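Chain residues, written in single-letter form:
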Amino acid sequence: MTGQLSVIIIGTGFGGLAAAIELKNAGHTSITLLEKAGEVGGVWRDNTYPGAACDVPTPLYSYSFEPNPGWPRRYAPQSAIHDYLKMVAGKYDLRRHIRFGAEVRACTWDDVARQWTVTLASGDTLTADVLVPAVGQLSRPAYPQIDGIGTFAGPAFHSAAWEHDVDLSGRRVAVIGTGASAIQFVPQIQPRAGSLALFQRTPPHIAPRLDAGYGPLHHRLFRALPFTQATERLAWWTYLETVTSSFVYSPALSRVFTAYAKWHMKRQTAGKPGLFEKVWPDYPLGCKRILASDNYLPALAQDNVEVVTDPITAIEPAGVRTGDGHLHEADVIIYGTGFAAAEFLAPMTVTGVDGLPLDKAWAEGASAYYGLTVPGFPNMLIMYGPNTNTGGGSIIYFLETQARYIRDYVGRLAESGAPLDLKPGVATEFDDRIQARLAGSVWTRCTSWYRNAHGRVTANWPGLSAEYRGTAVFRPGDYSIMKAPADIGGRVAEPVSQPAPPVPPR
């Protein structure tokens, strides 16, 4: 094969940027990144709710090849992480490859041209040899299915689409959901709210945050002696691998971490009788993501906060109705109900060989080989795909592994001169093995976004992140080489209808 393979990457969050950098470093320059917004950043661009921050220490929640000695805190706020991603895009010369304002509607494999055609919301179409959807699992806000959800008379919004012009001062605020976002924004809005009713379905395990500020001395030390920051990264990776191993492999270790969380939560709820009993989970540690906070439970212990555990039956114009018949009147409703994590790649439609829709291939739940490839969808590699979420560590570690896999795949594709399609038998054997491990895992013992409507665990990897890195290695024998025209390569991803608008200046 001669010339450059063309690659389209959808999304410019951590996953999309990692894939682009890895491909560029390997000499692939015919890359187009499609971004529906006007800036890079993914969830760290979109989630601007009060208190938004990482729940993994940033020495680990960052690229291993691009440490940031200037983090303001161990758990960096949203703005700092977004700035980091913008810096990375600039440093690695990615902006010239990005087409902003390009929302993807459909991706279709052309059996004759042996290429992917990508259709944008504008009606423009682009073609490429390789397609890399990097839209993530946590990009589309999920709203609960509650009767009357559209009838509320006041402002109502999701934490991922925070309405900053809504003044909460002195207002009666209803918060629905107690996940990772609510853990962060509730302590920020509680002092301003006149009253706050927190509607909880299942509480999370909460551990001490162990946060710390990084001052000028830290920054100078990290710059002068980079191994100090690398050592902290290794220490946090080891700790989080140990936490994960507790609920994957070691019941004895799980009991230790459970006792640690229980001690922390009892201590922080001591000031409000009955609160601990409401917020202590009745499921095993790890079934939902363990959250780290030092200010959430103290906020719930304040006099203006009520934790409501009765199930919601309806949203009404005046507030939230619960199963005991009580109407909790509210001026504002905030949904902290997470994301549509099980709806991989939606709302895009993806069509493979012989017109096979991806949603038909995934009728019982999403499945991909190491979360990356699917039989019948040649030359498509998914970043942060099915069963690649981590229950306790940093997703960036997984994304870097996937970016390396994509690099090796594309390198082999350039050598083969024809598309590569995952062998169905390889996919089936892998999925059976992964689902067998997940079937007896802690993640089946409660309701969470890790599972789909059929009860299948579609989000999480069943083991440690070290296991994923050690096994998610590109093997040419896993793929069939499809017959293809000799000139499959050499075409740059470009519009076949209207020309692309110019990329906005930095």
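Structure: above.
To keep things clear, this report deals only with the structure shown in the data block. For clarity, every value in this text was computed on a predicted model and none was experimentally measured.

Remarks on empty space enclosed by the protein
Line of reasoning, step 1. Inspection of every chain in the model, using the stated rule, returns three cavities of 30 Å³ or more.
Line of reasoning, step 2. Reported here for the largest cavity is a volume of approximately 320 Å³.
Line of reasoning, step 3. Along the walls of the largest cavity sit 22 residues, with A207, Y239, L240, I290 and A292 positioned nearest its centre.
Line of reasoning, step 4. When contributions to the lining of the largest cavity are tallied by element, the ones reaching two or more residues are α6 (226-248), α7 (251-268) and β12 (291-292).
Line of reasoning, step 5. For the lining of the largest cavity, the leading source of residues is α6, giving four residues.
Line of reasoning, step 6. Looking at side-chain class alone, the lining of the largest cavity contains 17 nonpolar, two polar and three charged residues.
Line of reasoning, step 7. When its volume is computed, the second largest cavity comes out at roughly 50 Å³.
Line of reasoning, step 8. Forming the boundary of the second largest cavity are L60, W237, L240, E241, T390, G393, S394, Y397, F398 and S465.
Line of reasoning, step 9. No other element matches α6, which puts three residues into the lining of the second largest cavity.

Brief notes about the packing of aromatic side chains
For any pair of aromatic rings, the description rests on two quantities: the centre-to-centre distance and the angle between the ring planes.
Line of reasoning, step 1. Tallied over the full model, the rule gives 33 aromatic pairs.
Line of reasoning, step 2. The interplanar angle of 80° and the centroid separation of 5.1 Å between the aromatic rings of Y369 and F430 together place this pair among those described as edge-to-face. Taken together, the positions of Y369 in the loop between α10 (358-361) and α11 (395-416) and F430 in helix α12 (residues 424-439) put the pair 61 residues apart, joining distant regions of the chain.
Line of reasoning, step 3. According to the relative accessible area criterion, Y369 is buried, its value standing at 6%.
Line of reasoning, step 4. A ring pair is formed by Y409 and F474, whose centres lie 5.7 Å apart and whose planes are at 65°; its orientation type is edge-to-face. Here Y409, found in helix α11, pairs with F474, found in the loop between α13 (465-471) and β20 (479-481); they are 65 residues apart in sequence, far enough to count as distant.
Line of reasoning, step 5. An aromatic cluster is defined as three or more aromatic residues linked by ring pairs; in this entry it consists of F14, W44, Y61, Y63, F65, W71, Y84 and Y92.
Line of reasoning, step 6. The aromatic ring of Y75 is capped on one face by R209, whose charged end is 4.0 Å from the ring centroid.
Line of reasoning, step 7. In this arrangement the basic side chain of R469 is found over the ring face of Y397, its NZ or CZ atom lying 3.8 Å from the centre.

A few points about the state of the cysteines
Line of reasoning, step 1. Within this structure, the stated rule accounts for one disulfide.
Line of reasoning, step 2. At a sulfur-sulfur separation of 2.0 Å, the disulfide partner of C287 is C446. Because the torsion about its S-S bond is -110°, the bridge between C287 and C446 counts as left-handed. Residue C287 is found in the loop between α8 (275-279) and β12, and its partner C446 is found in the loop between α12 and α13; the two are separated by 159 residues along the sequence.

As for the nonpolar core
Line of reasoning, step 1. I9, F14, Y63, I406 and Y409 are the most contacted members of the largest nonpolar core, which totals 79 residues.
Line of reasoning, step 2. It is α11 that contributes the most residues to this core, 10 residues altogether.
Line of reasoning, step 3. Those residues in contact with I406, other than ones at most four positions away along the chain, are A19, L23, V132, L372, L381 and M383.

Here we look at the packing of α6 against α7
Line of reasoning, step 1. For the pair α6 and α7, interaxial distance at closest approach is 7 Å and the crossing angle is 110°. With respect to α7, the element α6 is oriented roughly perpendicular. Contact with α6, carried on its side by Y239, T242, V243, S245 and S246, involves P251, L253, S254, F257 and Y260 of α7 and no other residues of that element.

Thresholds applied
Residues numbered from 1 in each chain as written. Predicted model: local features only at pLDDT ≥ 70, side-chain atom pairs only at ≥ 80, totals over all residues. Heavy atoms only, no water. 1 Å grid on protein atoms, 1.4 Å probe; cavity = no way out; pocket = protein on both sides within 12 Å on 5 of 7 lines; lining within 4 Å. Points joined across faces, edges and corners; volume = space filled by probe spheres on them. Helix = DSSP H or I, 4+ residues; strand = E, 2+ residues; numbered from the N terminus. Nonpolar A, V, L, I, M, F, W, Y, C, P; charged D, E, K, R; others polar. Phe/Tyr/Trp six-rings, centres within 6.5 Å; stacked < 30°, edge-to-face > 60°. Buried < 20%, exposed > 50% of the residue type's maximum accessible area, 1.4 Å probe, protein only. Lys NZ or Arg CZ within 6 Å of the ring centre and 35° of its normal. Disulfide = S-S within 2.5 Å. Core = buried A, V, L, I, M, F, W, Y, C linked by side-chain atoms within 4.5 Å. Contact = heavy atoms within 4.5 Å. Axes fitted to C-alpha atoms, helices over the stretch in contact; angles between N-to-C directions. Parallel < 35°, antiparallel > 145°, perpendicular 65-115°, else oblique.

None of this, on its own, says anything about what the molecule does.
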